[in-house]
Amino acid sequence: MLSLEHIRSICSGEIHISEPLAPMTSFRIGGPVDIYIEPANTEELAALVAYLHESDTAHLVLGNGSNILISDEGFRGVVLNIEKHFSDLSVDDGVVQAGAGARLSKFVDFCLRLGMAGSEMLAGIPGTLGGAVIMNAGAYGGEISDYMLDVTVLREGSVRTLTTQECGFRYRGSDLRRDIVLGARFRFPEGNIDELKARRKELLLKRNAAQPVQHPNAGSIFKNPEGGYAAKLIEDCGLKGTRFGGAVISGQHANFIVNDEGAHASDIVDAINHVRRVVYDRTGVELEPEIQLIGFPDDVIASLKRSTAS
Ligand SMILES: Cc1cc2nc3c(=O)[nH]c(=O)nc-3n(C[C@H](O)[C@H](O)[C@H](O)COP(=O)(O)OP(=O)(O)OC[C@H]3O[C@@H](n4cnc5c(N)ncnc54)[C@H](O)[C@@H]3O)c2cc1C
């Protein structure tokens, strides 16, 4: 049984009980978490995680909530939000050090102002650096891991710095899923500041024209299958505009599901299941969800990852 008093003795940051999570996600969907905590530094975070482990309590590290779907029942356990106190950006001898809570937009801006090339394609991805590292976020041919030197994590109670090779980065994934990312260091090649800013502007305009930015969403729902595009497959199956309760497969970008009218998490799950089934039946391609499902029973998560052939 968790003791709130003990948590308060460990953590000087904000603590909330039964905190609604929907406003903390880009989908604006999901129920509450039992306890929400903003640890103020690494020592507090490590002590909290050790205590949660001892008391067998589940925890979730929340970034900007832009790649997750939280169940309608919410999350039984503790959400740790490190956005507020772990977001420093600094540069030393050409090496950029970024805290896990830093928004990607600020990180990109920081790098571009220093004339560092290579982060501009990440502009417009609405996550934190920590979430981007876990997911190996990327766009327009680049990924966050491209110019990374190392990543600092909290792993089994100890702070460790891992080389990029040790992180197991791959398309929209890494081997860091059981760690808490604290920060990362990067060395970018030199570029022309004006040209980099112009490129960022161009990519942001392209992004805004292609994506349904006027409705809450969680970005791409499915990973692109090898050699193809999930959006094209879904569009070719005629699924654009299909509605599931308050959720709709975007008419603008078929790999986006939008929360159109107070969608429930269950509407999104229905949409995902339907898309996987139809795309598999018509093309033989198994689509794999990119978004992370939080607070769902194991069988629901398994059903969204299971082979559609079975
Ligand atoms: C409009 C829109 C456009 C998008 N475009 C792109 C795109 O072009 N490319 C792309 O790759 N993604 C894109 N995304 C998805 C998303 O923005 C990225 O995956 C982003 O990196 C997620 O970061 P986050 O901080 O929001 O993570 P969250 O959604 O908060 O979390 C995602 C996962 O990472 C874990 N996590 C978060 N922070 C940490 C941490 N510090 N330590 C350990 N685990 C952590 C969470 O527990 C969760 O499992 C888009 C999303 C939206 C809404």
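Cut-offs and rules
- Residues numbered from 1 in each chain as written.
- Predicted model: local features only at pLDDT ≥ 70, side-chain atom pairs only at ≥ 80, totals over all residues.
- Helix = DSSP H or I, 4+ residues; strand = E, 2+ residues; numbered from the N terminus.
- Rg over C-alpha atoms; globule rule 2.2 N^0.38 Å.
- Buried ≥ 20, exposed ≤ 12 C-beta atoms within 10 Å, placed from the backbone.
- Contact = placed C-beta atoms within 7 Å.
- Pairing = 2+ DSSP bridges.
- Axes fitted to C-alpha atoms, helices over the stretch in contact; angles between N-to-C directions.
- Near = placed C-beta within 6 Å.
- Nonpolar A, V, L, I, M, F, W, Y, C, P; charged D, E, K, R; others polar.
- Domains from an automatic or database assignment.

## Some words on the overall build of the protein
Check the secondary structure of the protein and you find 8 helices and 16 strands. Against the 2.2 N^0.38 benchmark of 19 Å for 310 residues, the protein shows a C-alpha radius of gyration of 20 Å, consistent with a compact globule. Summarising its shape, the C-alpha atoms of the protein cover approximately 55 × 55 × 35 Å along the three principal directions. Burial status across the protein gives 39% buried among its 310 residues. Expressed as a percentage of contacts within the protein between residues at least 6 apart in sequence, the contacts between residues at least 24 apart total 65%.

## Quick look at the sheet that holds strand β7 (residues 95-99)
Ordered by their spatial adjacency, 5 strands build an open sheet running β6-β7-β12-β10-β11, and the pairing between neighbours is antiparallel. Taken across any chain shown, the strands that pair with only one partner, and hence form the sheet edges, are β6 (89-92) and β11 (158-163). With direction set aside, neighbouring strand axes in the sheet form an average angle of 20°. Across the sheet, helix α2 (residues 42-54) touches β10 (148-155), β11 and β12 (180-186), and the angle it forms with β10 is around 50°.

## Quick notes on the pairing of β11
Bridge count between β10 and β11: 6 bridges; the pairing is antiparallel. Along β11, the bridge assignment pairs Val 151 with Leu 162. In this antiparallel pair of consecutive strands, β10 and β11, the connection spans 2 residues, and Glu 156 shows a positive phi of 45°.

## Focus on the site of the ligand
Gly 63, Gly 127, Gly 130, Gly 131 and Gly 219 are the nearest of the 31 residues found near the ligand. Put simply, the parts of the chain that give the shell around the ligand at least two residues each are β3 (59-62), α4 (129-135), β8 (138-139) and β12. Examining the composition of the shell around the ligand, we find that 5 residues originate from one element, α4, more than from any other. Across the shell around the ligand, the residue classes break down as 16 nonpolar, 15 polar and no charged.

## Quick notes on the domain arrangement of the protein
Domains assigned within the protein are domain 1 (4-81), domain 2 (89-196) and domain 3 (230-305). A separation of 27 Å is found between the C-alpha centroids of domain 1 and domain 3. Listed by partner, the interface residues are 14 residues for domain 1 and 12 residues for domain 3. Looking at the side of domain 1 that touches domain 3 element by element, the count peaks at 3 residues for strand β4 (residues 68-70).

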